[in-house]
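Spelled out from the first residue to the last, the chains are:
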Amino acid sequence: PIKTRDALFFAMFFVFFGYKIKGISDKVPDYSTKMLFLLILATLCIQVIEGGILFKVFRAGLTTYYATTPFIVFSIFILIDKKPDLFSHPLITKVGTYTLGIYLIHPVILRSILSFENNKIFSSVLAGQVPLVFFVIVLSCLIIWLYRKFKALLKNKIQSIKWIV
């Protein structure tokens with residue numbers, strides 16, 4: 001495993017990876033949506049197994065990036081490239097407007113949650129870490145939504161004060 005939270009380094013790798021995949025996507029067969037989801041599920045299962053082996057056998061701590069991470073990313077990129085209409089749902093578009101905020105606020109939320117728990121809850125990948133990811137995303141979206149509502153309310157109040165003066 002690679003023990004790092006250096007997202008910029010890995011982001012550059014995955015952006016380049018996505019660029020190269022787009023360049024070869026015409027050579028990739030047009031698999032069914034079901035087949036592509038099964039590919040993603042299979043790579044996720046392999047990563048869980050890899051994490052379990054590293055954790056149980058080699059006593060390595062749980063980490064963010066594994067040797068199987070590029071295969072998961074490859075599977076997701078192929079799905080997105082081959083089935084773009086699949087991701088045009090209004091909910092996905094709406095959540096997409098929150099991505100910068102999620103990126104900025106999630107470390108604070110994650111650190112806050114991990115500082116209050118006893119570190120045994122999230123030691124299990126399936127029972128702890130997977131739900132934690134979804135919880136942090138939902139909580140980040142909620143905080144960003146509240147921030148935007150507060151900002152709009154404050155803007156309206158300031159504009160109404162300008163009219164009075």
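A short tour of the structure in this document, coming up. Everything numeric here is computed off the predicted structure, so don't read it as measured data.

Side note on the overall build of the chain
- Looking only at helices and strands, one finds 6 helices and 0 strands in the chain.
- Its helices and strands taken in sequence order, the chain reads α-α-α-α-α-α from the N to the C terminus.
- Of all 165 residues assigned to the chain, the portion counted as buried reaches 24%.
- Once local pairs closer than 6 in sequence are excluded, the contacts in the chain between residues at least 24 apart make up 75%.
- When the accessible area of the chain is evaluated, it comes to approximately 12,300 Å², of which 74% is carbon and sulfur surface.

Considering the packing of aromatic side chains
- Scanning the model with the defined rule gives 4 aromatic pairs in all.
- When the ring of Phe 13 is compared with that of Phe 17, the centres are 5.7 Å apart and the planes differ by 10°; the resulting orientation is stacked. Taken together, the residues span about one helical turn, with Phe 13 and Phe 17 both in helix H1 (residues 7-24) at a distance of 4 residues.
- Pairing Phe 17 with Phe 77 gives two aromatic rings, centres 6.4 Å apart and planes at 45°, and the pair type is tilted. You can see Phe 17 sitting in helix H1 and its partner Phe 77 sitting in helix H3 (residues 69-82), a full 60 residues away along the chain.

Observations concerning a positive patch on the surface
- Together, Lys 94, Arg 148, Lys 149, Lys 151 and Lys 155 give the surface a local cluster of positive charge.
- Of all the elements, helix H6 (residues 125-164) adds the most residues to the positive patch, at 4 residues.
- Take Lys 155: it is sitting in helix H6.

Quick word on the pattern of salt bridges
- The full count for this structure, using the stated rule, is 2 salt bridges.
- Here Lys 22 makes a salt bridge to Asp 81, at a shortest N to O gap of 2.8 Å. Pair noted here: Lys 22 is in helix H1 and Asp 81 is in helix H3, with a separation of 59 residues, a long-range link.
- The exposure class of Lys 22 is exposed, given its relative accessible area of 54%.
- A salt bridge links Asp 30 to Lys 83; the shortest N-O distance between them is 3.7 Å. Separated by 53 residues along the polypeptide, Asp 30 in the loop between H1 and helix H2 (33-56) and Lys 83 in the loop between H3 and helix H4 (90-96) bring together distant segments of the chain.
- The exposure class of Asp 30 is exposed, given its relative accessible area of 58%.

Digging into a nonpolar patch on the surface
- Residues Phe 37, Ile 76, Ile 80, Leu 86, Phe 87 and Ile 92 make up a contiguous nonpolar surface patch of about 470 Å² in total accessible area.
- Mapped onto the elements, Ile 92 comes out in helix H4.
- By relative accessible area, Ile 92 is classed as partly exposed at 40%.

Comments concerning the nonpolar core
- With 6 residues, the main nonpolar core is built from Ile 21, Val 28, Leu 36, Ile 40, Ile 78 and Leu 79.
- Mapped by element, the contributors of at least two residues to this core are H2 and H3.
- Residues contacting Ile 40, with those up to four places away along its chain left out, are Ser 75, Ile 76 and Leu 79.

Considering H2
- For H2, built from 24 residues, the straight-helix expectation of 34 Å at 1.5 Å per residue is met to within 8% by its first-to-last C-alpha distance of 34 Å.
- Among the residues of H2, those classed as buried are Leu 36, Ile 40, Thr 43, Gln 47, Glu 50, Gly 51 and Leu 54.

Let's talk about the side chain of Lys 83
- Here Lys 83 falls in the buried class, since its relative accessible area comes to 19%.
- In this structure, Lys 83 is in contact with Asp 30, Tyr 31, Ser 32, Thr 33 and Leu 36, ignoring residues within four places of it in sequence.

Concerning the side chain of Gln 47
- As for its placement among the helices and strands, Gln 47 is situated in helix H2.
- The class of Gln 47 is buried, set by a relative accessible area of 15%.
- Engagement of the side chain of Gln 47 in a polar contact is seen with the side chain of Thr 69, the distance being 2.8 Å.
- Here Gln 47 is in contact with Tyr 66, Thr 68, Thr 69 and Ile 72, once residues within four sequence places are set aside.

About the thresholds
Residues numbered from 1 in each chain as written. Predicted model: local features only at pLDDT ≥ 70, side-chain atom pairs only at ≥ 80, totals over all residues. Heavy atoms only, no water. Helix = DSSP H or I, 4+ residues; strand = E, 2+ residues; numbered from the N terminus. Buried < 20%, exposed > 50% of the residue type's maximum accessible area, 1.4 Å probe, protein only. Contact = heavy atoms within 4.5 Å. Areas by Shrake-Rupley, 256 points an atom, 1.4 Å probe, with all protein chains shown as cover. Phe/Tyr/Trp six-rings, centres within 6.5 Å; stacked < 30°, edge-to-face > 60°. Patch = residues over 30% accessible without salt bridge, like charges linked within 9 Å, V, L, I, M, F, W, Y side chains within 5 Å. Salt bridge = Lys/Arg side-chain N within 4 Å of Asp/Glu carboxyl O. Lys, Arg positive; Asp, Glu negative; His and termini not counted. Charge placed at Lys NZ, Arg CZ, Asp CG, Glu CD. Core = buried A, V, L, I, M, F, W, Y, C linked by side-chain atoms within 4.5 Å. Expected span 1.5 Å × (residues − 1). Polar contact = N/O pair within 3.5 Å; in protein donor to acceptor, adjacent residues only side chain to side chain.

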